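Reading the structure
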Amino acid sequence: RNGIEIIKSDIPVHHYGQLDREEYVAKGDKYYQLGKKKLEEKGEDLDALTELAVQAGGEFGKDEEAVDLWKRVLKIDPSNTKALINMGGALLRLHKYEAARTSSKMAMALAPDLKEAIIIYATSEVLIGDAGKTIPTLEGLLKKVPEYPLALAILAVAYCIEGEREKGLK
């Protein structure tokens, strides 16, 4: 897109995340402010709402705002699985487990094989105290995506909570 030629190389490139946390947060805040400005200019624009919701959520700790923005996205596009999943994640971080479960179940109804929706659903059920409900869902996911670390971890916890310690340890 920028006219830079991409050349294949035998040199591996490893990404180690954000090394300068202060710079990373400052950059995120700039994008967040830009997103707010864009939303003011465009009104209830789906792309502008989505961009700002992504910036608000996650590592920047504006989860309440992110949930509100994702709800606005869903008013425009009720079947937006990205909004449902991200809203579910924000609700989990806010300890609103029932709402996170509802959001993730809606995403699963739209896209049953969506790993992220299943993980948020399973995590919500475990935190609500209904770990047993997650076992068949997680077992089904692991049949399709064997060795998926998050699914394995939550399933192990669910087994142990439900009195199946040996299965959980295995």
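Coordinates for the structure precede this section.
Everything in this summary refers to the structure shown in the same document.

Rules of the game
Residues numbered from 1 in each chain as written. Predicted model: local features only at pLDDT ≥ 70, side-chain atom pairs only at ≥ 80, totals over all residues. Heavy atoms only, no water. Helix = DSSP H or I, 4+ residues; strand = E, 2+ residues; numbered from the N terminus. Buried < 20%, exposed > 50% of the residue type's maximum accessible area, 1.4 Å probe, protein only. Lys, Arg positive; Asp, Glu negative; His and termini not counted. Charge placed at Lys NZ, Arg CZ, Asp CG, Glu CD. Phe/Tyr/Trp six-rings, centres within 6.5 Å; stacked < 30°, edge-to-face > 60°. Lys NZ or Arg CZ within 6 Å of the ring centre and 35° of its normal. Salt bridge = Lys/Arg side-chain N within 4 Å of Asp/Glu carboxyl O. Axes fitted to C-alpha atoms, helices over the stretch in contact; angles between N-to-C directions. Left-handed = near helix turned anticlockwise from the far one by under 90°. Contact = heavy atoms within 4.5 Å. Nonpolar A, V, L, I, M, F, W, Y, C, P; charged D, E, K, R; others polar. Parallel < 35°, antiparallel > 145°, perpendicular 65-115°, else oblique.

Let us now look at the overall build of the chain. Each helix and strand in the chain was counted, giving 9 helices and 0 strands. The N-to-C order of helical and strand elements in the chain reads α-α-α-α-α-α-α-α-α. With respect to the three principal axes, the spread of C-alpha positions in the chain is 55 × 45 × 30 Å. The buried share among the 170 residues of the chain stands at 35%. Side chains of the chain give 25 positive and 28 negative charges; the mean places of these two sets differ by 2 Å.

This part is about the packing of aromatic side chains. How two aromatic rings sit relative to each other is set out by the distance from centre to centre and by the angle between their planes. In total, this model carries 0 aromatic pairs according to the counting rule given. Above the ring of Tyr-32, the side-chain terminus of Lys-62 is found at 4.7 Å from the ring centroid. Seen from the ring of Tyr-148, Lys-115 lies directly overhead, with NZ or CZ sitting 4.6 Å from the centre.

Let's shift gears to the pattern of salt bridges. Under the counting rule described, the total for this entry stands at 9 salt bridges. Its salt-bridge partner being Lys-38, residue Glu-51 comes within 3.1 Å of it at the nearest N-O pair. With Glu-51 in helix α2 (residues 46–56) and Lys-38 in helix α1 (residues 21–42), this residue pair connects regions lying 13 residues apart in the sequence. Exposure remark for Glu-51: the relative accessible area of 39% places this residue in the partly exposed category. Residue class for Lys-38 comes out partly exposed when judged on its relative accessible area of 27%. For Asp-130, the salt bridge identified is with Arg-101, shortest N-O distance 3.7 Å. Residue Asp-130 is found in the loop between α6 (115–128) and α7 (131–144), and its partner Arg-101 is found in helix α5 (residues 97–110); the two are separated by 29 residues along the sequence.

Another aspect to go through is the packing of α7 against helix α8 (residues 149–161). At a minimum axis separation of 9 Å, α7 and α8 run at an interaxial angle of 145°. Crossing of α7 against α8: the hand is left-handed. Facing α7, whose interface residues are Ala-131, Thr-134, Ile-135, Leu-138, Glu-139, Leu-141 and Leu-142, α8 presents Ala-151, Leu-152, Ile-154, Leu-155, Ala-158, Tyr-159 and Ile-161. Broken down by class, the residue content of the contact of α7 with α8 amounts to 12 nonpolar, 1 polar and 1 charged.

As a further point, take the packing of α2 against helix α3 (residues 63–76). Packing of α2 against α3 brings their axes to within 8 Å, and their N-to-C directions diverge by 155°. Judged by the angle between their axes, α2 and α3 are roughly antiparallel. Crossing of α2 against α3: the hand is left-handed. Contact residues: α2 offers Leu-46, Leu-49, Thr-50, Leu-52, Ala-53, Val-54 and Ala-56, while α3 offers Asp-63, Glu-65, Ala-66, Leu-69, Trp-70, Arg-72, Val-73 and Ile-76. A per-class count over the contact of α2 with α3 returns 11 nonpolar, 1 polar and 3 charged.

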